[in-house]
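Here are the chains, one letter per residue:
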Amino acid sequence: MKKLFLPIIITLLFSAEPTQKELPIGFTPEEWENRHIIYEMGGRQTDPPATPIRTIAEFERMEGVLVRYPLGISTALIAEMSVDATVFCLVSSGQQNSAYNIFSNGGVNMDNVQFVIGATDSYWTRDYGPWWVVDGNETIAVVDHTYNRPRPNDNQVPGRMSDHLNTDYYDSDLITAGGNFMTNGLNIGASTTLTYDENPGLNNSEIDALYEEYYGINPYFAIEDPTGSYIEHIDTWAKFLSPTKVLIRSVAESHNQYDEIESTVEYFESHANSFGEPWEIFRVYT
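Residues numbered from 1 in each chain as written. Predicted model: local features only at pLDDT ≥ 70, side-chain atom pairs only at ≥ 80, totals over all residues. Heavy atoms only, no water.

What to know about the sheet that holds strand 11 (residues 238-240)
Piece 1. Strands sit in the order 11-12-13 across an open sheet of 3 strands; the sheet is mixed. Bordering the open sheet on either side are strand 11 and strand 13 (280-285), each of which pairs with just one other strand. Each adjacent strand pair in this sheet contributes to an overall mean axis angle of 20°, direction not counted.
Piece 2. As defined by bridge partners, strand 11 adjoins strand 12 (residues 245-250) across 3 bridges and the pair is classed as antiparallel. For K239, the partnering residue across the bridge sits in strand 12 and is L247. (Pairing = 2+ DSSP bridges. Helix = DSSP H or I, 4+ residues; strand = E, 2+ residues; numbered from the N terminus. Axes fitted to C-alpha atoms, helices over the stretch in contact; angles between N-to-C directions.)

Now the structure itself:
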């Protein structure tokens, strides 16, 4: 397949203090008691894309960012992004005027804003937003997943974005979240083993097969979460920087997670990159 260097859309989210009470990135107590809703949101599996499939990496060129109003980031950040990129803003019809006024008064380039109308439950667009692939016809398409939170409105967003952008749409029916998946853009993907735990109807080999069949991922790295708590998302401690580079967090030797975090470094040191070579590993002290 030819290499593609097309502008693409990715989802992007930065953490900030919310201006109103919002759903957390994890479960609320009520959501935990109603997590059966997650399985009710699934069952939409489609045929997979035409092969060969390449999942687009976060570090590749993009033409826009996906945010949600009410916001979880500053208007100043949106204004900065709108200089060079399209801001796709998820917003309900009843709040569109408010979003427009907030953006306009905040210096956002409104020529680069597209409002995507519909209800949402939270602002965690990186977790519930669309994943993008290039299929065997060299067409950019959405491959959806079932959001691992009982938030039905958020779960509809990838299909809504596919409709908005008039792209092909597929659904793997895999229960997961965008924050717990990363790819090097050359068919290696990684997450924590949480994905195995969240899909009780599938064994590990079947999950690996779904990643290959719908996302072109092989090999798939399923890594034990070194934090032992929080949300078990791989993006809280690692990130692919290129097809051959990976960033992994670093802590002091006295830290209670030191051994577990260093074991993730050993994992990447024991696995080759897409060219059969050692990974170039970068550390960031946290």
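A closer look at the pairing of strand 13
Piece 1. The pairing of strand 12 with strand 13 spans 6 bridges and is parallel. Residue pairing for strand 13: V246 is matched across the bridge by I281.
Piece 2. The parallel pair strand 12 and strand 13, bridged by helix 10 (residues 258-269), forms a crossover whose chirality is right-handed. (Right-handed = clockwise from strand over helix to strand, strands pointing away.)

Observations regarding unusual backbone geometry
Excluding glycine, residues mostly have negative phi values, and the peptide bonds linking residues are mostly trans.
Piece 1. Here the residue pair T51 and P52 is connected by a cis peptide bond, since its omega of -5° sits within 30 degrees of zero.
Piece 2. You can see P52 is positioned in the loop between helix 2 (36-41) and strand 1 (54-55).
Piece 3. Of the consecutive residues N218 and P219, the connecting peptide bond is found in the cis state with omega at 15°.
Piece 4. Note on placement: P219 falls in the loop between helix 9 (204-215) and strand 10 (220-223).

Remarks on the packing of aromatic side chains
Piece 1. Counting across every chain of the model gives 17 aromatic pairs.
Piece 2. Taking 5.8 Å as the distance between ring centres and 45° as the angle between the ring planes, the aromatic pair formed by Y211 and Y215 counts as tilted. With Y211 and Y215 both in helix 9 and 4 residues apart, the pair spans about one turn of that helix.
Piece 3. Taking relative accessible area as the criterion, Y211 reaches 0% and is therefore assigned buried. (Phe/Tyr/Trp six-rings, centres within 6.5 Å; stacked < 30°, edge-to-face > 60°. Buried < 20%, exposed > 50% of the residue type's maximum accessible area, 1.4 Å probe, protein only.)

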